[in-house]
Amino acid sequence: MTVENEIAILGTGAMGAGIAQVAAIHGWSVRMIDCDPETAAKAKDGIGTRLQRQVEKGRISESEAGEAMVRLHIVQSDSELDSCEVLLEAIVEDMEIKTKAVAPLLDHLHSEAIIATNTSSLSVTELGQKLGCPSRVVGMHFFNPAPIMKLVEVIRGRETDPVVVDRIAEIASSWNKHVAVAADTPGFIVNRVARPYYLEAFRCMEDGLATADLIDETMRSLGGFRMGPFELTDFIGHDVNTATTRTVWDCWNRPTRLAPSLMQEQLVAEGRLGKKSGTGVYDWSTEPPSPTIHPSNEASTVPGFDMGSIMKMANQLDLKCQNPIQTIVFARILFAILNEALWAQHDGVAEAADIDTAMQYGVNYPIGPFKWMEDIGLDLVKETMKSLESMTGDGRFITPD
Ligand code: NAD
């Protein structure tokens, strides 16, 4: 018999510890396992410290924090797993290591226990097949930091039992998370649909349209994004960001839309990784951080380009922008995201509503791409895409049929 509200978490690093905290505060008994017992102990202490901070801020009571801590158990013997309803693995991103670590635990789990994986990029279907129980294996993809980020992508492997998908979605909702269900495809929803936010911004700079700080400012003020694409990629790290781009681009058969940016790859080659290395697109030693890349052929206008549909779109969204270059930058980056959302839906990654939820809560977009298209009007979306395609000309604004 499995017990509802009992979960085992394998791997208590950044993600595992965060997820353990979320589960415990929502009343779940948590069995924490790590190959390094000191890491598990540190993770538990870290959760204690974070919960105490929540108490000091008045967000939870002293007794809620205390009760959550009592629900956290560091596993001493695998026999303690036999009543867990779910085993969630959050260990290193490597299929062989994940398989080797989870397989021996299957003997100690109930035959109906759900095996969830927090993988960001590996195939849930393949993990299920390697473990020999594909119907019980499902993705439960939290975002970092798990206690703060509001999204869980629930990944349906090709052979995952729909009952398992529904149960994991139900658990994530009961932990106060928004749920987006996605097919087991490269990048799932967020890591795919967000790519153009970074890539098209680099292309705008490569084309000499605007400087990094103007592009960032444009996306914050006209788009309502919390961070501009360059401050965000400097924050994420260009090495991490380009690695995800390459994986998603490769796995989706290298469409032009998702092609890596030469300028960004150059930054990585030069060790300019962003905030963590001191410089990236910006030099972080100055206040405010100053752009390190100066587009050589700064264009003040785009010759021969008909702005008609872009201006209509700007009016429709009530953008109130006097600078045509900013309007073009905004249109290019926003419409590149909208087009990726259309392709993701077309490729069967997820339904429109799930894509909207994922982008709003996984990367804090002000509204989801499909709601944005509704606000603009679908005919005008098509017209603007055609216009942008005629401006850029390499097929990246061509929409699915
Ligand atoms: P991490 O390196 O912080 O933690 C991994 C933990 O797993 C470590 O404590 C390590 O000791 C433990 N571990 C490694 N091999 C093990 C084994 N064989 N048995 C038991 N424990 C083992 O990694 P992380 O950032 O928490 O990432 C974990 C997973 O979550 C990965 O699949 C990653 O892709 C995914 N993920 C990470 C993020 C992120 O931003 N860090 C976001 C979403 C998903």
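That block above? That's the structure.
Cut-offs used in this document
- Residues numbered from 1 in each chain as written.
- Predicted model: local features only at pLDDT ≥ 70, side-chain atom pairs only at ≥ 80, totals over all residues.
- Heavy atoms only, no water.
- Helix = DSSP H or I, 4+ residues; strand = E, 2+ residues; numbered from the N terminus.
- Polar contact = N/O pair within 3.5 Å; in protein donor to acceptor, adjacent residues only side chain to side chain.
- Contact = heavy atoms within 4.5 Å.
- Phe/Tyr/Trp six-rings, centres within 6.5 Å; stacked < 30°, edge-to-face > 60°.
- Near = heavy atom within 4 Å.
- Areas by Shrake-Rupley, 256 points an atom, 1.4 Å probe, with all protein chains shown as cover.
- Nonpolar A, V, L, I, M, F, W, Y, C, P; charged D, E, K, R; others polar.
- Buried < 20%, exposed > 50% of the residue type's maximum accessible area, 1.4 Å probe, protein only.
- Arc of directions from axis to C-beta.
- Pairing = 2+ DSSP bridges.
- Right-handed = clockwise from strand over helix to strand, strands pointing away.

Participant: Which parts of the structure should I look at to understand the side chain of T218?
Facilitator: Structurally, T218 is set in helix α9 (residues 212–221). Side-chain polar atoms of T218 contact the side chain of Q326, separated by 2.9 Å. Each residue touching T218, except ones within four places of it in the same chain, is listed here: G223, Q326, V329 and F330.

Participant: Even after reading the chapter, I still don't get the packing of aromatic side chains, so can you show me in this structure?
Facilitator: The geometry of two aromatic rings is summed up by the distance between their centres and the angle between their planes. This model, assessed by the stated rule, comprises nine aromatic pairs. Considering the side-chain rings of Y282 and W284, the 6.0 Å spacing of their centres and the 70° angle between planes classify their relative orientation as edge-to-face. Through a chain of ring-to-ring contacts, the aromatic side chains of Y197, Y198, F225, Y365 and W372 assemble into a single cluster.

Participant: Please clarify how unusual backbone geometry should be interpreted in this entry.
Facilitator: Keep in mind that most residues, glycine aside, have a negative phi and that most peptide bonds are trans. For the peptide bond that leads from N144 to P145, omega is -5°, which places it in the cis range. The topology assignment puts P145 in the loop between β6 (137–142) and β7 (151–156). A cis amide bond links E287 to the next residue, P288, at an omega of 0°. Note on placement: P288 falls in the loop between β9 (282–283) and β10 (290–291). Backbone geometry at N253 places phi at a positive 65°, although glycine is not the residue there. Mapped onto the fold, N253 is located in the loop between α11 (238–251) and α12 (262–269).

Participant: What's the story with the site of the ligand in this structure? I'm lost.
Facilitator: Taken together, the neighbourhood of the ligand is formed by 20 residues, with A14, M15, D34, E93 and K98 sitting nearest. Between the ligand and the protein, one listed contact pairs a nitrogen atom with a backbone N or O atom of C35 at 3.1 Å. In the complex, 72% of the free accessible area of the ligand, which totals 830 Å², lies under the protein chains. Put simply, the parts of the chain that give the shell around the ligand at least two residues each are α1 (14–25), α4 (95–106) and β6. In terms of residue class, the shell around the ligand is made up of eight nonpolar, nine polar and three charged.

Participant: What should I look at first to understand α12 in this one?
Facilitator: Among the residues of α12, M263, Q264 and L267 are the ones counted as buried. On an axial view of α12, the arc spanned by its buried residues comes to 100°, and they lie on one face. Opposite the buried face of α12, at more than 90 degrees from it, the exposed residues are L262 and A269. Against the buried residues of α12 lie α8 (195–206), α10 (229–236) and α11. At the N-terminal boundary of α12, the capping side chain belongs to S261, with an oxygen 3.2 Å from the backbone nitrogen of M263.

Participant: Would you mind showing me how to read the pairing of strand β5 (residues 114–117) here?
Facilitator: A two-sided burial pattern is seen for β5, the buried positions comprising I114 and A116 on one face and I115 and T117 on the other. In the sheet, strand β4 (residues 84–89) pairs with β5 via four bridges, with the strands oriented parallel. Note on β5: the bridge partner recorded for V86 is I114. Between the parallel pair β4 and β5, the chain is carried across by α4, and the sense of this crossover is right-handed. As defined by bridge partners, β5 adjoins β6 across three bridges and the pair is classed as parallel. The residue bridging A116 from the neighbouring strand is V138, located in β6. Between the parallel elements β5 and β6, the chain passes through helix α5 (residues 124–131) in a crossover that is right-handed.

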